[in-house]
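# Chains, contacts and geometry: an overview
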Amino acid sequence: MGQQPRFYHDDDDWNTLAERLKLTPCPHCQRAGALVRHGFLYGFDDRNPHRKTIRARRIFCSNRNARPGCGRTFSVWAADTIRRLGLTTSGLFRFLRLVLARGLLAGIRDFRGHLSDRTLIRIWNRFRLGGSKIRTALMQRCAPPQLLLEHRPEAQVLAHLHTAFPDATCPIAAFQHTMRTFFV
Ligand SMILES: [Zn+2]
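Residues numbered from 1 in each chain as written. Predicted model: local features only at pLDDT ≥ 70, side-chain atom pairs only at ≥ 80, totals over all residues. Heavy atoms only, no water.

Positioned with a positive phi, glutamine 30 is a non-glycine residue whose angle comes to about 70°. Within the secondary structure, glutamine 30 is located in the loop between helix H1 (11–19) and strand S2 (35–45). The class of glutamine 30 is partly exposed, set by a relative accessible area of 46%. Here the phi dihedral of asparagine 65 falls at roughly 50°; this positive angle occurs in a residue that is not glycine. Inspection of the secondary structure puts asparagine 65 in the loop between strand S3 (48–61) and strand S4 (73–78). The class of asparagine 65 is exposed, set by a relative accessible area of 75%. (Helix = DSSP H or I, 4+ residues; strand = E, 2+ residues; numbered from the N terminus. Buried < 20%, exposed > 50% of the residue type's maximum accessible area, 1.4 Å probe, protein only.)

Structure representation (structure tokens):
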């Protein structure tokens, strides 16, 4: 039995997951053989703040037509999206690097996204408070790089992320896909 999918990279990746749905156990009831596609979750993000994009695919554990499922649903997320945030992982990565380079207020100013200052401060705090959880997850993959002591902890988290996924187009998306958990 395969692991339950939580994230997909792109359409090809999603299609591979979708073909295996019949063999995949439901995360709620653990039964295999009942999962079916059940539509999409749409939302706005920094790709295009005026048009909704697909952020996740819904899966239904079917109890209809004598299927053995539990009737519950769950989502498999595009690896470059972040739940409850109107931001892609690459947008988030750009924002975090701006804040580390220039400080919070200048970072917010220079990010020039569609999000309010208050939302961006909340995102920064979410990242800051989640730092130790992220580092623990990264330790499963590799040791952190040696950094000078004057680097702040948040900079060390991003450096560790780079070391863990050196070839990724977006290291945060790679983190989510590999660790099967949201970055923030
Ligand atoms: Zn189920």
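Along its 14 residues, helix H2 (residues 89–102) runs 20 Å from first to last C-alpha, staying within 8% of the 20 Å computed at 1.5 Å per residue. Those residues of H2 not exposed but buried are Thr89, Gly91, Leu92, Phe93, Phe95, Leu96, Leu98 and Val99. For H2, the secondary structure elements touched by its buried residues are helix H3 (104–111), helix H4 (117–129), helix H6 (153–164) and helix H7 (171–179). Where H2 ends, the next residue or the one after it, glycine 103, has phi of about 95°, a positive value. (Expected span 1.5 Å × (residues − 1). Contact = heavy atoms within 4.5 Å.)

Where charged atoms from two side chains of opposite charge approach closely, those side chains can pair. Under the definition given, this model contains seven salt bridges. The partner of aspartate 80 in a salt bridge is arginine 47, and the shortest N-O contact between them spans 2.9 Å. You can see aspartate 80 sitting in the loop between S4 and H2 and its partner arginine 47 sitting in the loop between S2 and S3, a full 33 residues away along the chain. Beyond isolated ion pairs, a larger network of salt bridges with shared partners links Asp45, Arg47, Arg55 and Asp80. (Salt bridge = Lys/Arg side-chain N within 4 Å of Asp/Glu carboxyl O.)

Now for the pairing of S4. Regular strands place their side chains on alternate faces of the sheet. Counted residue by residue, S4 has five buried out of six residues, so it is predominantly covered. As paired elements, strand S1 (residues 7–8) and S4 share two bridges and run parallel to each other. By the bridge assignment, phenylalanine 7 is partnered in S4 with tryptophan 77. Taken together, the five bridges between S3 and S4 define a ladder with antiparallel strand orientation. Of the residues in S4, the one forming a bridge with arginine 58 is serine 75. (Pairing = 2+ DSSP bridges.)

Right, let's talk about the coordination of the zinc ion for a bit. The coordination sphere of the zinc ion, as far as protein atoms go, consists of Cys26 (SG), Cys29 (SG), Cys61 (SG) and Cys70 (SG), spread over 2.3 to 2.4 Å. Taken in sequence order, the residues that donate to the zinc ion follow the motif C-x2-C-x31-C-x8-C. With cysteine 29 in the loop between H1 and S2 and cysteine 70 in the loop between S3 and S4, this residue pair connects regions lying 41 residues apart in the sequence. Note on cysteine 29: relative accessible area 22%, which makes it partly exposed. (Donors = N, O, S within 2.8 Å, 3.2 Å for Na, K, Ca; no water.)

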